[in-house]
Amino acid sequence: MADTSRRLALHLRHPQEIIGNLRALLLSIREDGTIDRPFTWPGSERSIRLRNAVHALGSCGLVTREGRPPRLALTRAARQFLDSGDELHLIAVVHPNVRFMGEALAEVEAASPTPG
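None of the values given here were measured: they were computed from a predicted structure.

K.L.:
Is there a simple way to think about the confidence of the model for the chain in this case?
P.N.:
Any residue range with low pLDDT should be treated as having predicted coordinates unsuitable for detailed reading. Counting all residues, the mean pLDDT for the chain is 77, and 68% of those residues have values of 70 or more. Looking across the chain, the model is least confident in helix α1 (residues 4–9), with a mean pLDDT of 43, and most confident in strand β1 (residues 38–39), with 95. Under a pLDDT of 50 for its full length, residues 1–12 has, in the predicted model, 24 contacts with residues more than four places off or in other chains.

K.L.:
Teacher, can you tell me more about the packing of aromatic side chains here?
P.N.:
Remark: the centre distance and the inter-plane angle together describe each pair of aromatic rings, the angle taken between the planes. Enumeration over the complete set of coordinates arrives at one aromatic pair. Plain terms: the ring middles of phenylalanine 39 and tryptophan 41 are 5.1 Å apart, the flat faces sit at 85 degrees to each other, and that makes the pair edge-to-face. An identical accessibility class is assigned to phenylalanine 39 and tryptophan 41; each is buried.

K.L.:
Explain helix α4 (residues 76–84) to me, please; I cannot follow it from the model alone.
P.N.:
Among the residues of α4, those classed as buried are Ala77, Ala78, Phe81 and Leu82. The buried residues of α4 occupy an angular sector of 135 degrees when the element is viewed end-on, so they sit on one face. Counted as exposed and oriented over 90 degrees from the buried face of α4: Arg76 and Asp83. At the C-terminal side of α4, glycine 85 shows a positive phi close to 75 degrees.

K.L.:
Please explain the pattern of salt bridges as it appears in this structure.
P.N.:
Pairing is possible between side chains that carry opposite charge, provided their charged atoms lie close to one another. Within the structure shown, the criterion is met by five salt bridges. Here arginine 37 and aspartate 32 are joined by a salt bridge, their closest N and O atoms 3.5 Å apart. A salt bridge links aspartate 36 to arginine 49; the nearest nitrogen and oxygen atoms lie 3.7 Å apart. Placement of the pair is aspartate 36 in the loop between α2 (15–31) and β1 and arginine 49 in strand β2 (residues 48–49), with a sequence separation of 13 residues. A residue is classified by how much of its surface remains accessible, and arginine 49, at 39% relative accessible area, is partly exposed. Sharing partners across several salt bridges, the network here consists of Asp32, Arg37 and Arg71.

The rules behind these values
Residues numbered from 1 in each chain as written. Predicted model: local features only at pLDDT ≥ 70, side-chain atom pairs only at ≥ 80, totals over all residues. Heavy atoms only, no water. pLDDT = per-residue confidence, 0-100. Helix = DSSP H or I, 4+ residues; strand = E, 2+ residues; numbered from the N terminus. Contact = heavy atoms within 4.5 Å. Phe/Tyr/Trp six-rings, centres within 6.5 Å; stacked < 30°, edge-to-face > 60°. Buried < 20%, exposed > 50% of the residue type's maximum accessible area, 1.4 Å probe, protein only. Arc of directions from axis to C-beta. Salt bridge = Lys/Arg side-chain N within 4 Å of Asp/Glu carboxyl O.

Below you can see the structure in the form of structure tokens.
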């Protein structure tokens, strides 16, 4: 099974794009957690099933399945992120749930220009 960080890379290329796309997905789930409805990533012309979009996240501590028929719901941490916009909180939630998140963050930091 491919690790979550690799699956996310298929849809997300830049840190701000990652956060924007994730925010769009979480807002969409908050609005309607129907698992098989269409979802369109920001900037995409093609929609996919919401189930497939969430599958790309893997188990990251932001989304759960509930009920019969199953629906998607946000975790308390995801709701807190949406309400506050605190990106550090988002990283704190995702980091222990996603393989190689720390390594990815180190690469982003290393590639970022230093102010000076």
